[in-house]
Amino acid sequence: MVLFLTGGGHLGRISYGYPDGDPRDFLAYWLTSMGYNLVVPSPPIEHPVFNSPVCGLDVTTWSEVLIDLVAAKLHAWKLKPRVLVVGWSMAGRFISRLAATASSRNIAIEAFVSLAATPPLPGLSPVNLKETPLSAHGFRSFLALSEGAFMPLNRSWLAALSEQDQLEGRSIIPSEVYFREFVGGSPLNLHGEGLRWRNGRMQHSLWDAAKDVMAMEFQGAPLCAAIIPTASSDRHHLLTDQANWSFFNAHVIAARAASFAPSALNKVRSLVESLPKRLSREAVGGHFFFVGAKGARAAAQAILALHAETLAVEAELKSCS
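Before going into details, it helps to say that this report is about the structure given with it. (Residues numbered from 1 in each chain as written. Predicted model: local features only at pLDDT ≥ 70, side-chain atom pairs only at ≥ 80, totals over all residues. Heavy atoms only, no water.)

Let us look at the overall build of the chain. Assigned secondary structure in the chain consists of nine helices and twelve strands. Against the 2.2 N^0.38 benchmark of 20 Å for 321 residues, the chain shows a C-alpha radius of gyration of 19 Å, consistent with a compact globule. Taking the principal axes of its C-alpha atoms as reference, the chain extends roughly 70 × 45 × 40 Å. Here the chain holds 321 residues, and the buried ones make up 54% of them. Taking the intrachain contacts of the chain between residues at least 6 apart in sequence as the baseline, contacts between residues at least 24 apart amount to 77%. Accessible surface, the chain as shown: approximately 14,200 Å² in total, 54% of it carbon and sulfur. The averaged location of the 26 negative side-chain charges in the chain is 6 Å from the averaged location of its 28 positive side-chain charges. (Helix = DSSP H or I, 4+ residues; strand = E, 2+ residues; numbered from the N terminus. Rg over C-alpha atoms; globule rule 2.2 N^0.38 Å. Buried < 20%, exposed > 50% of the residue type's maximum accessible area, 1.4 Å probe, protein only. Contact = heavy atoms within 4.5 Å. Areas by Shrake-Rupley, 256 points an atom, 1.4 Å probe, with all protein chains shown as cover. Lys, Arg positive; Asp, Glu negative; His and termini not counted. Charge placed at Lys NZ, Arg CZ, Asp CG, Glu CD.)

Here you go:
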């Protein structure tokens, strides 16, 4: 089963589309056609689909909700308690906490595949309050009402969607549909960074953020693979994702290797050195590279390949223990 985790300010439908859209333009169509069962939760953001958005929602609480949903679906669908997590953008912050929560319920996360996502290390992607100002209720504001119409505060998302339109040669998500059906204010704490919402006001606490996302706690975390955008519009992820997730994986393996025999360590070192290439793939496009039929299909194929590769690496690690 695949658990898809959406990015900041977005409903989960970025992975499965909208009523008048073409399902083939979205990742869910291709993943299910490849045989995966799929769960796509949406966090309670400021959006009309939710009666009561949750301003103080943090990574720890959301992870508990996610695993409750996963457990229910595994039971209903009579599946083995093993899950592949695919996370976009902000959702990279969830993986360590999510894995710990899943383990406490006897559910194994086999791997995490990043779609231009950032690892759970506060400081790698600080909240920019100039681009996304904070509302009075503790939500990052991604839209503003101007002359009766919604407009993005950060226009890079529209530019990134436009790039996908150019690749497809047509409009995939019209801007008015995108504003209405996909985007809303995002709970500040869910971004796993040093700016936190507590007791009705904003505070700065890297300690709270680190504790929330289980930063630098690698024991029990899964191996993570990355699909990396190639467009200059997403230069941060283009330049850092392979290095960031390779760093994360190296520490995950080092935590496991603490009990390995010294004779196995040279083999483990060679394995670690191979992971940047083995556990990454490039994707044509920017931050929305998985939107549009070409991008969605390519991303699904890369997810399938990276899932298999992480399982192969896990088998090699097991042979070293």
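In this section: the layout of surface pockets. In this structure, the second largest pocket encloses a volume near 200 Å³. Contributing to the lining of the second largest pocket are 13 residues, with A108, I109, E110, G220 and P222 lying nearest its centre. A total of three residues in the lining of the second largest pocket trace back to one element, the largest contributor, which is strand β4 (residues 108-115). Of the residues contributing to the lining of the second largest pocket, the split by class is seven nonpolar, two polar and four charged. (1 Å grid on protein atoms, 1.4 Å probe; cavity = no way out; pocket = protein on both sides within 12 Å on 5 of 7 lines; lining within 4 Å. Points joined across faces, edges and corners; volume = space filled by probe spheres on them. Nonpolar A, V, L, I, M, F, W, Y, C, P; charged D, E, K, R; others polar.)

Ranked by size, the top nonpolar core spans 92 residues in total, and within it L115 and I173 carry the most contacts. Per-element tally for this core: the top contributor is helix α9 (residues 293-320), with nine residues. (Core = buried A, V, L, I, M, F, W, Y, C linked by side-chain atoms within 4.5 Å.)

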